[in-house]
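# Analysis of the macromolecular model
Residue-level listing of the chains:
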Amino acid sequence: DAGITQSPRHKVTETGTPVTLRCHQTENHRYMYWYRQDPGHGLRLIHYSYGVKDTDKGEVSDGYSVSRSKTEDFLLTLESATSSQTSVYFCAISENRGENTEAFFGQGTRLTVV
Amino acid sequence: SQQGEEDPQALSIQEGENATMNCSYKTSINNLQWYRQNSGRGLVHLILIRSNEREKHSGRLRVTLDTSKKSSSLLITASRAADTASYFCATPLNNNDMRFGAGTRLTVKP
């Protein structure tokens, strides 16, 4: 899976608690992305990063924050988890801008908020 | 709203048959990509077709793009049980975002 590791792979958490998901890459790619996948919606972009400390919002960013202090790590934080954030989260990386090159995906993190 | 939408939502065929999936999109694009997702796994890039290309091949995969109709198709020839997966088209929305459709679930029966 192109040197992308997501952790944890599965997590169950309670409503209102903060949660952090980690994406680690060994490819030295500049661009990193967090998507969520829900039935009937495909993948939706939450946040992305185009370099260390350079991040921007995606389509469904409310309730999420991200940080990228190193090239290889991209963290996604749910400030206060809600049941609507139950989903499968995917990290992706790409060498160039997303539209012009292929993206490589991690294996996903299944998050359940109860 | 989704930029790319795949059709059909689900497709079931016998091994050896061809599988055709379609993708429609709404705005002008520079390129379109197809991805495959096996159950419980991340997406894997299959092929990228640029707006000035009409057809592209990769092994048993054939992708067409009709920019006048804002549509693309993915053909898998001589399908195998291992082709069972969900297939997604992805189109660029802005400089750094790709929009994925809800996917086509393909089942290839042995």
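Before reading further, recall that the structure is shown in the block above.
## Describing the state of the cysteines
Residues and elements named next belong to chain B. Scanning the model with the defined rule gives two disulfides over all chains in all. Each sulfur of the disulfide joining cysteine 23 and cysteine 89 lies 2.0 Å from the other. Between cysteine 23 and cysteine 89, the disulfide has an S-S torsion of 65° and is therefore right-handed. With cysteine 23 in strand β3 (residues 19–25) and cysteine 89 in strand β9 (residues 85–94), this residue pair connects regions lying 66 residues apart in the sequence. Here cysteine 23 matches cysteine 89 in class, with each residue buried.

## A look at the sheet that holds strand β8 (residues 73–78) of chain A
Residues and elements named next belong to chain A. Across the sheet, four strands lie side by side as β1-β3-β8-β7; this open sheet has antiparallel pairing. Each edge of the open sheet is held by one strand with a lone partner, namely β1 (4–7) and β7 (64–70). Averaged over neighbouring strand pairs, the angle between their axes works out to 15° when direction is ignored. Pairing of β1 with strand β3 (residues 19–25) involves four bridges; the strand directions are antiparallel. Directly across from glutamine 6, in β3, lies its bridge partner cysteine 23.

## Here's the deal with the side chain of aspartate 73 of chain A
All names here are of chain A. Position of aspartate 73 among the secondary structure elements: in strand β8. Separated by 3.1 Å, the side chains of aspartate 73 and arginine 22 make a polar contact. In this structure the side chain of aspartate 73 is engaged in a polar contact, spanning 2.7 Å, whose partner is the side chain of histidine 24. In this view, aspartate 73 contacts Arg22, Cys23, His24, Met32, Ser67 and Arg68; residues no more than four positions away in its chain are not counted.

## Comments concerning the packing of aromatic side chains
Tallied over the entire structure, the rule returns nine aromatic pairs over all chains. An angle of 45° between the planes, with centres 6.2 Å apart, marks the rings of tyrosine 48 of chain A and tyrosine 50 of chain A as tilted. Its relative accessible area of 8% is what places tyrosine 48 of chain A among the buried residues. Tyrosine 50 of chain A gets classed as partly exposed once you look at its relative accessible area, which sits at 30%. An aromatic cluster of at least three residues, connected via ring pairs, comprises Tyr33, Tyr35, Tyr48, Tyr50 and Phe105 of chain A together with Tyr35 and Phe100 of chain B.

Cut-offs applied
Residues numbered from 1 in each chain as written. Chains lettered and ligands numbered in written order. Predicted model: local features only at pLDDT ≥ 70, side-chain atom pairs only at ≥ 80, totals over all residues. Heavy atoms only, no water. Disulfide = S-S within 2.5 Å. Helix = DSSP H or I, 4+ residues; strand = E, 2+ residues; numbered from the N terminus. Buried < 20%, exposed > 50% of the residue type's maximum accessible area, 1.4 Å probe, protein only. Pairing = 2+ DSSP bridges. Axes fitted to C-alpha atoms, helices over the stretch in contact; angles between N-to-C directions. Polar contact = N/O pair within 3.5 Å; in protein donor to acceptor, adjacent residues only side chain to side chain. Contact = heavy atoms within 4.5 Å. Phe/Tyr/Trp six-rings, centres within 6.5 Å; stacked < 30°, edge-to-face > 60°.

Interpretation note: all reported values are geometric properties and have no functional meaning in isolation.
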